[in-house]
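Here are the chains, one letter per residue:
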Amino acid sequence: MKVRQGLIRTPPRERQGTAPMIPAKTIALKRDGGQLSPEQLAEFVQGYVSGAIPDYQMAALAMAIFLRGMTLEETVCLTQKMLDSGHRLPRHGDALRVDKHSTGGLGDKVSLVLAPLLACLDFHIPMISGRGLGITGGTLDKLESIPGFRTNLDSAEIATTLAKVGCVICGTTAEIAPADRKLYALRDVTATVESVPLITASILSKKLAESLDALVLDVKVGSGALMPTLDAARRLANTLVSVANRLGVRTTALLTNMDEPLGRMVGNAVEVQEAVDTLQGGGPRDLRELTLALASELMVGTGVAECADEARRQLAAQLDQGFAYERFVAMVAAQGGRLSLDTLTPSHEVTAVRSGYVSRIDGRALGDVLIELGGGRKRMTDPIDHRVGLELLVRVGDSVQSGMPLMRVYSRNAEHGVLDHCIRAAIMIDAECSPEMTPLILGRVETHSSLSDNS
Ligand code: URA
């Protein structure tokens, strides 16, 4: 019989003679530390998306994975099945397509700078981003502080913007990794978020749907980060990098310090202002350095630059000559935004009550203050006041005198004063000596294919 490729259909299970999967048996296998087969994972993911497998069975499997871990083979397979639950963005033209993902940290506005910056060097960056929940801000919320800016684009609009500007930053579409959308909401309420294989499959099923040539990951370490310790962050980075490379996308990761917020601004409109300063060649040093380091990974990974130094030189010139800012303006206009950078007026300043050296700035505590002021959300449905923000006037290592301003607060809430003591407590001042400084980039992870233990 002649069969044309592409028209071969898998025969229904009854005709193949294989027994149907029994979800409880798959759950028991993982509960007892066994390894799930590709068929079991495929049936579970497909069954969950179609509704044949109910939430309670998926929750039980997620908890078994949380407690028992997965081998690299299983994690690759779970990621692939979740990716295959939806569509991928189609490729048009021959521009190299790259992106960055950050595990999220306070003040992290790198995406706003990195996407237009790389577009200046002829890359295409279809950056599908998320909203903030809890203390980590969301790129979409920051951009929505620009009047008119649209983040809910369909795949045709994503393709048009990409072709016109070279970069687009928007929310996910209904077609991208529907399995993750359903599973992530379930994990959020069943205490199964902090699992390396589940995080890996969740992040990569969305990023790989962008049909990328290369990806760089910024895995944050410290207070206010998804991974509080270097060991935990390295384990996550190793798995993410191994799985993405196994699925055909050149991927590296940087492990970066989150012991204090990135840059000076924390909030939404204030972070856009800081990103604009950086796009124009200014901005805080840590934000510029991290953006250049992540973008260099992509330039070297795709072979566009021979080494990190050459990549940095080319990238820095795009910032310093204003081209990256022009590209950002073009992206904002293409997505319906009207960029008017009116200066925000602070409501008040919080001052130091003792002298000494700033030894730590607790990102988690500052994130909580921002939420209380209305600049972040506790539940996904909460509204956000985009003009709420915090401006750090000191950084770790700075010497301060009692009475000196530590933080400028942007708030329209008349009750804001009650949070001042939380801000003071978040900025720890050591009277004795200046702290040992931790570098911004703590490590780098590249292909790690020997990883085979349960993680
Ligand atoms: N971000 C995601 O997209 N998924 C996770 O599981 C955790 C962080």
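For clarity, every value in this text was computed on a predicted model and none was experimentally measured.

Undergrad: Where do I start with unusual backbone geometry in this structure?
TA: When glycine is set aside, most residues are seen to have a negative phi, and most peptide bonds are trans. Backbone geometry at Asp122 places phi at a positive 70 degrees, although glycine is not the residue there. Relative to the helices and strands, Asp122 resides in the loop between α6 (110-119) and β2 (125-128). For Asp122, a relative accessible area of 62% gives the class exposed. One non-glycine residue, Ala177, lies in the positive phi region at around 40 degrees. Note that Ala177 resides in the loop between β3 (167-170) and α9 (178-188). Under the relative-accessibility criterion, Ala177 is labelled buried at 3%.

Undergrad: Any chance you could explain the sheet that holds strand β7 (residues 348-351) here in plain terms?
TA: Hydrogen bonding along the main chain pairs the strands of a sheet, whether they run parallel or antiparallel. Taken together, the 4 strands give an open sheet; going across it, the order is β6-β9-β11-β7, and neighbouring strands pair in antiparallel fashion. Of all strands in the sheet, those with a lone pairing partner are β6 (265-267) and β7, marking the two edges. Averaged over all pairs of adjacent strands, the angle between their axes in this sheet comes to 20 degrees, without regard to strand direction. Summarising the sheet, β7 and strand β11 (residues 405-410) pair through 4 bridges and their orientation is antiparallel. Opposite Val350, over in β11, you have Met407 as the bridge partner. Sitting on the sheet, helix α12 (residues 269-279) is in contact with β6, β9 (389-392) and β11, with an inclination near 140 degrees to β6. Packing against the sheet, helix α16 (residues 363-373) makes contact with β6, β9 and β11, and its axis sits at approximately 145 degrees to β9.

Undergrad: Looking at this structure, I do not really get the pairing of strand β1 (residues 98-102). What am I missing?
TA: Each regular strand shows side chains that alternate between the opposite faces of the sheet. Along β1, 5 of the 5 residues are buried, which leaves the element largely enclosed by surrounding structure. Residues Val98, Lys100 and Ser102 of β1 are buried on one face, and the alternating residues Asp99 and His101, pointing to the opposite face, are buried as well.

Undergrad: Teacher, can you tell me more about the site of the ligand here?
TA: All residues in the neighbourhood of the ligand are listed as Tyr184, Arg187, Ile199, Ser202, Ile203 and Lys206. In the environment of the ligand, an oxygen atom lies 2.9 Å from a nitrogen or oxygen atom belonging to the side chain of Arg187. Lys206 is positioned such that a nitrogen or oxygen atom in its side chain is 2.5 Å from an oxygen atom of the ligand. Looking at the shell around the ligand, the elements that each hand over two or more residues are α9 and α10 (196-207). A per-class count over the shell around the ligand returns 3 nonpolar, 1 polar and 2 charged.

Undergrad: Can you walk me through the pattern of salt bridges in this structure?
TA: One side chain can pair with another of opposite charge once the charged atoms of both are near each other. Under the defined criterion, the tally for this structure stands at 23 salt bridges. Among the salt bridges present, the one from Lys220 reaches Asp218, with a minimum N-O distance of 2.8 Å. Given the relative accessible area of 0%, Asp218 is considered buried. A salt bridge links Arg408 to Glu391; the nearest nitrogen and oxygen atoms lie 3.3 Å apart.

What counts, and where the lines are drawn
Residues numbered from 1 in each chain as written. Predicted model: local features only at pLDDT ≥ 70, side-chain atom pairs only at ≥ 80, totals over all residues. Heavy atoms only, no water. Helix = DSSP H or I, 4+ residues; strand = E, 2+ residues; numbered from the N terminus. Buried < 20%, exposed > 50% of the residue type's maximum accessible area, 1.4 Å probe, protein only. Pairing = 2+ DSSP bridges. Axes fitted to C-alpha atoms, helices over the stretch in contact; angles between N-to-C directions. Contact = heavy atoms within 4.5 Å. Near = heavy atom within 4 Å. Polar contact = N/O pair within 3.5 Å; in protein donor to acceptor, adjacent residues only side chain to side chain. Nonpolar A, V, L, I, M, F, W, Y, C, P; charged D, E, K, R; others polar. Salt bridge = Lys/Arg side-chain N within 4 Å of Asp/Glu carboxyl O.

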